[in-house]
Amino acid sequence: MTTTVTCICSKLCKNQRDLKIHQARMKCLEREVEVQRTGPGPANRRSEWLQFDEDVSNIIQATAKRDVDSRLQAISTIIVSYGSERFGRIEKGNTETTSYTMNRRSFKIHQLRKEL
């Protein structure tokens, strides 16, 4: 009998060990911590989201009348800037970047290159 465990990203894993391996590789637990909104989440207030959608649509229709690439760039810039203006943002905290640890093969290659 096999037990299946579901990750927060909705991947089905065979057992608890498989889940831990998956979460370590895919960093599912770190994604859960990343938050960008401030204050009480506006996702609960449907009217604010509808107003935001309407405002952004009007701005995009007024400004984006160029070729496809520049329109896509303009649309994404408008949505992000207007959304962060209206709902606010929280910058991610200082996360330590893990330094690259060389495996045995890369270490040997590095040592050989140093010697040459």
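This text follows the structure it describes.
Residues numbered from 1 in each chain as written. Predicted model: local features only at pLDDT ≥ 70, side-chain atom pairs only at ≥ 80, totals over all residues. Heavy atoms only, no water.

S.K.: What is the right way to read helix 5 (residues 104-115) from this model?
M.R.: Because an α-helix packs 3.6 residues into every turn, residues spaced three or four apart end up facing the same way. With 12 residues, helix 5 extends 17 Å from end C-alpha to end C-alpha; this agrees with the ideal 16 Å at 1.5 Å per step. Across the 12 residues of helix 5, one count as buried, placing the element largely on the outside. (Helix = DSSP H or I, 4+ residues; strand = E, 2+ residues; numbered from the N terminus. Expected span 1.5 Å × (residues − 1). Buried < 20%, exposed > 50% of the residue type's maximum accessible area, 1.4 Å probe, protein only.)

S.K.: Explanation requested: the nonpolar core in the structure shown.
M.R.: Most often, soluble globular proteins keep nonpolar side chains buried together rather than apart. Core analysis: the biggest nonpolar cluster contains six residues, these being Phe52, Val56, Ile60, Ile78, Tyr82 and Phe87. Leave out the neighbours within four places in its chain, and isoleucine 78 touches Ile59, Ile60 and Thr63. By size, the runner-up hydrophobic cluster in this structure holds five residues, among which are Val5, Cys7, Cys13 and Leu19. (Core = buried A, V, L, I, M, F, W, Y, C linked by side-chain atoms within 4.5 Å. Contact = heavy atoms within 4.5 Å.)

S.K.: Help me understand the packing of helix 3 (residues 46-63) against helix 4 (residues 68-87), please; the structure alone is not making it clear to me.
M.R.: Working note: a packed helix pair is described by the angle between its axes plus the distance between those axes. Where helix 3 meets helix 4, the closest approach of the two axes is 10 Å, and the angle between their N-to-C directions is 145 degrees. Note on packing geometry: the crossing formed by helix 3 with helix 4 is right-handed. Taken together, the residues of helix 4 that come into contact with helix 3 (itself represented by Glu48, Trp49, Gln51, Phe52, Asp55, Val56, Ile59, Ile60 and Thr63) are Ile75, Ile78, Ile79, Tyr82, Gly83, Arg86 and Phe87. Residues belonging to the contact of helix 3 with helix 4 are distributed by class as follows: 10 nonpolar, three polar and three charged. (Axes fitted to C-alpha atoms, helices over the stretch in contact; angles between N-to-C directions. Left-handed = near helix turned anticlockwise from the far one by under 90°. Nonpolar A, V, L, I, M, F, W, Y, C, P; charged D, E, K, R; others polar.)

S.K.: What is the right way to read the environment of serine 84 from this model?
M.R.: Its place among the elements puts serine 84 in helix 4. Residue classification places serine 84 among the partly exposed residues on the basis of a relative accessible area of 26%. In terms of polar contacts, serine 84 uses its side chain to reach the backbone carbonyl oxygen of serine 81, at 3.1 Å. (Polar contact = N/O pair within 3.5 Å; in protein donor to acceptor, adjacent residues only side chain to side chain.)

S.K.: Would you mind showing me how to read the packing of aromatic side chains here?
M.R.: Both the distance between ring centres and the angle between the ring planes are used here to describe each pair of aromatic rings. Within the structure shown, the criterion is met by two aromatic pairs. Here tryptophan 49 and phenylalanine 52 contribute two aromatic rings whose centre-to-centre distance is 5.7 Å and whose plane-to-plane angle is 90 degrees, an arrangement assigned as edge-to-face. Pair noted here: tryptophan 49 and phenylalanine 52 are both in helix 3, with a separation of three residues, about one helical turn. For tryptophan 49, a relative accessible area of 29% puts it in the partly exposed group. Considering the side-chain rings of phenylalanine 52 and tyrosine 82, the 5.7 Å spacing of their centres and the 20 degrees angle between planes classify their relative orientation as stacked. (Phe/Tyr/Trp six-rings, centres within 6.5 Å; stacked < 30°, edge-to-face > 60°.)

S.K.: Would you mind going over a nonpolar patch on the surface with me for this structure?
M.R.: A cluster of nonpolar side chains, namely Tyr100, Met102 and Phe107, defines an oily patch on the protein surface of about 360 Å² accessible area. Looking at the element boundaries, phenylalanine 107 is found in helix 5. Classification of phenylalanine 107 as partly exposed rests on a relative accessible area of 43%. (Patch = residues over 30% accessible without salt bridge, like charges linked within 9 Å, V, L, I, M, F, W, Y side chains within 5 Å. Areas by Shrake-Rupley, 256 points an atom, 1.4 Å probe, with all protein chains shown as cover. Salt bridge = Lys/Arg side-chain N within 4 Å of Asp/Glu carboxyl O.)

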